[in-house]
Amino acid sequence: MTVQKCFDTYCSNIQKQQLLDEGLFDTADAALWKQNLLLRAKEMRSINLENSGILETLQKLLRENLTEATADGIKNAAISSIIDGMADAALQYPLLLSLADFYKAKGDISSYITCIFFAGFVEGEILYRSGAMEDVSTHPDELIVAERSHYAEITDPSVRAYFLMSYHNLAVCSVTKHEDIPKSYEYLCAMEAFWQSPEVQSLDGQNGEFIQYMENTRRLWLQLSFNTSDIGTPACDYFCRYAGELFDRMEQETGGDISRYLIQTYGPYLNSRVLLGHLTYDEAAELFYVKYRDYMDQALRGREEMEFICFGLIPTLNILSDMLDKAGAEIRSRYYAVINRDLAQFAKCGHHETQVDSNINQALAEMCVKSISTVSGRDEKEKLLFNLVIKRQLLTYLHTMMATRIALLIAEQAWQDLPGYFAETGFTDKNEFLSFVEGATRLHDLGKIYITDIVNMQRRRLDTEEFHGIRRHPELGAKIVEKDSDLSMYRDVILGHHRFYDGSGGYPESFDNTKSKLHKIIDIVTIADCMDAATDCYSRNYKAPIVFETLLGEFVAEAGTRYNPDLVRLLKNNPELQERLTAVVNKERLDRMFEVYSAGRKMYI
Ligand SMILES: [Fe+2]
Ligand SMILES: [Fe+2]
């Protein structure tokens, strides 16, 4: 196996997964759907195994076999895969770092910078997936900027461009919170100084693309420092002056149609008008909304257009929701109703493997949290959340609904056989109790809407950062519901469903499930969750499924530590309940999953 061969096989496996996934979403026919699910399960298992093996082989090959003859080919393949929108840190990151070392040792600065630049890009992906965006690293860009004395030696202008792009990253990508803005303003000034320096001006001062990079950075900086009036006088003056200048220019250039330049031009412009006292927030929100409508209509018209527009989706929605937060309640709820419909439309688009899709996922998750408070009633809210999960994470949806069936079977039996057992949960009515268990189980994995990329990553074993990301889903889900008066009652179940019964293990450690008054309901959801996950032979490819009897043995073995002993006893001593559960998880699983899928499909369409 050569490095190149490893790389190509891995990439073709990714394409295979895309086809298999599409087969699952497309059909309403029971037989065909089941056949596709079975085929997918089988293929995914071998893809997962093969790709995980490839990554290990690759590590070895990279240590030993990187040579003059092979390095350039691998570099080009890795970079084109990134440019084509495929982001898989586990594959690309080690590759690019080894190549960077190789070129650095050889004194090939141009290739070194290229590899570091793309490694930095992929590193961003790693942090993004693990949910650690606030730790965004400036290291790769600092490394590149540190080589600036070599600028004039580099013959290829597209490599020289990486200097500006790195300054760009430092100035705008390093801003993840409000306090970063003054620092980013310093980077922006450093970039302006670099751009004005004689060696850059003499080589590239007239290069249209380079001029555009500068322009983009300034615009993006405006967008990032948008929501601010306390960033210090020089930065604030720069903001207001440049926002006004840019708007006048764009309006002229586009003949008044600035919808494509909405985020970086119009939003900051309106904000500068508010800062200068010429507009109120209500007026700014109304004005921005009109342009947002045009923008969204374009975005929803077609996939092609969407590819372009989606990169701006998160910031656009952020600016809009920011304005709406400051505007009056009436304007806020009127516009959010429309935005929620737009989001449901977006959720239906595309598959899940490109950068564009990553952006959509993130925008959906963020907006979901913002919009939830604008819908009224528990049912409507649950529906909104579900619409955003079903298409983008079909497997999470199937799991959630299967776990809900299981939880209800157990809860009903427990309510009947263990009188008074649930007194401390505060429920006195059986139907209310069951309805709560149902809602809680349906939302238990809600936090996964933030980590769609990892959840859908079945083509290889997850790496450490991704596992870290997965383990955040209880907290992410809790964050969504806890501020909402209709949903906050589910908080403890969402937070606690991966904790051990006796509090001795599981995650997140910060949550003490033993102190929750919903402890016993958490225990039901934990058991139902494990029961579906452990016996699912169709949609999880990373663990060999087990049958109900084996699982029951595991529950018994860990009763009192990991699982609630009273509930385990209930399962163990009740053959009828066992029969009903075995039907759902083993014997009739495929039919039950199809029922769930069809219901979701109907609700969704
Ligand atoms: Fe979970
Ligand atoms: Fe789960």
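Just so it is clear, the model here is predicted, and its values are computed rather than measured.

Analysis parameters
- Starting afresh in each chain, residues are numbered from 1 along the sequence in its written order.
- Chain letters and ligand numbers both follow the written order, the letters beginning at A and the numbers at 1.
- Residues qualify for local features only when their pLDDT is at least 70, as the model is predicted, and side-chain atom pairs are given and counted only at 80 or more; totals for whole chains, interfaces and linings, by contrast, use all residues.
- Counting from the N terminus, the helices are the DSSP runs of H or I reaching at least four residues and the strands are the DSSP runs of E reaching at least two.
- Counting other C-beta atoms within 10 Å of a residue's own tells you its class, since 20 or more makes it buried, 12 or fewer makes it exposed, and anything in between is partly exposed; those C-beta atoms are placed from the backbone.
- The contact criterion used here is simple: two residues whose C-beta atoms, placed from the backbone, lie within 7 Å are in contact.
- Here the expected length of a helix is defined as 1.5 Å per residue gap, with one fewer gap than residues.
- Throughout, the arc means that of the directions going from the helix axis to the C-beta atoms.
- The nonpolar core criterion groups buried Ala, Val, Leu, Ile, Met, Phe, Trp, Tyr and Cys residues into a set whenever they are joined through C-beta atoms within 7 Å.
- Orientation is described by lines fitted to C-alpha atoms, with helices fitted over the stretch in contact, and by angles between N-to-C directions that extend from 0 to 180 degrees.
- Orientation labels follow simple angle bins: below 35 degrees gives roughly parallel, above 145 gives roughly antiparallel, 65 to 115 gives roughly perpendicular, and whatever is left gives oblique.
- In this scheme, a crossing is called left-handed if the near helix is turned counterclockwise away from the far one by less than a right angle; it is called right-handed if the turn is clockwise.
- The classification used treats Ala, Val, Leu, Ile, Met, Phe, Trp, Tyr, Cys and Pro as nonpolar, Asp, Glu, Lys and Arg as charged, and all other residues, Gly among them, as polar.

### Quick word on the overall build of the protein
Now for step 1: Tallying secondary structure elements over the protein gives 29 helices and 0 strands in all.
Now for step 2: By residue count, 42% of the 605 residues in the protein fall in the buried class.
Now for step 3: Long-range contacts, defined as pairs at least 24 residues apart, comprise 71% of the intrachain contacts of the protein with a sequence gap of at least 6.

### Concerning the environment of V159
Now for step 1: With respect to the helices and strands, V159 occurs in helix α7 (residues 157–173).
Now for step 2: Among the residues examined, V159 registers 16 C-beta atoms within 10 Å and is labelled partly exposed.
Now for step 3: It is 6.5 Å that separates the C-alpha atoms of V159 and S110, two residues lying 49 residues apart in sequence.
Now for step 4: With residues near it in sequence (within four places) discarded, V159 still touches S110, I113, T114 and I154.

### With respect to helix α11 (residues 233–253)
Now for step 1: Here α11 contains 21 residues, and its C-alpha end-to-end distance of 30 Å stays within 8% of the 30 Å for a straight helix at 1.5 Å per residue.
Now for step 2: For α11, the set of buried residues is F239, A243, L246 and F247. Looking straight down α11, one finds its buried side chains confined to an arc of 105°; they lie on one side. In α11, the exposed positions angled more than 90 degrees off the buried face are occupied by T233, P234, D237, R241, E245, D248 and Q252.
Now for step 3: At the C-terminal side of α11, G255 shows a positive phi close to 60°.

### Describing unusual backbone geometry
Now for step 1: Between Y507 and P508 the backbone carries a cis peptide bond, its omega angle lying at -5°.
Now for step 2: With respect to the element layout, P508 can be found in the loop between α24 (491–496) and α25 (519–535).

### Quick look at the nonpolar core
Now for step 1: L96, I406 and I524 are the most contacted members of the largest nonpolar core, which has 141 residues in total.
Now for step 2: Ranked by the residues each element gives to this core, the list is headed by helix α19 (residues 394–417), at 12 residues.
Now for step 3: In this structure I524 touches A407, I410, A411, A414, V437 and L567, once residues within four positions along its chain are discounted.

### Observations regarding the packing of helix α1 (residues 3–26) against helix α2 (residues 30–64)
To characterise two packed helices, one gives the angle between the axes of the helices and the distance between these axes.
Now for step 1: Between α1 and α2, the least distance of the axes is 9 Å, while the angle of their chain directions is 160°. One way to sum up the angle between α1 and α2 is to call them roughly antiparallel. Note that α1 runs across α2; the crossing there is left-handed.
Now for step 2: Within the contact of α1 with α2, the residues separate by chemical class into 13 nonpolar, 7 polar and 4 charged.

### Topic: α7
In an α-helix, one turn spans 3.6 residues; hence positions three or four apart end up facing the same way.
Now for step 1: When the terminal C-alpha atoms of α7 are compared, their 23 Å separation across 17 residues agrees well with the 24 Å that a helix rising 1.5 Å per residue should span.
Now for step 2: Counting buried residues along α7, 12 of its 17 residues qualify, which places the element largely inside the surrounding structure.
Now for step 3: Burial in α7 covers these residues: R160, Y162, F163, L164, S166, Y167, H168, N169, L170, A171, V172 and C173.

### Section: the packing of helix α26 (residues 548–557) against helix α27 (residues 565–572)
Now for step 1: Two elements in contact, α26 and α27, have axes separated by 9 Å at closest approach and are oriented at 145°. Handedness of the α26/α27 crossing: left-handed. Judged by residue contacts, L552, F555 and V556 of α26 engage V568, L571 and K572 from α27.
Now for step 2: Per-class residue counts for the contact of α26 with α27 are 5 nonpolar, no polar and 1 charged.

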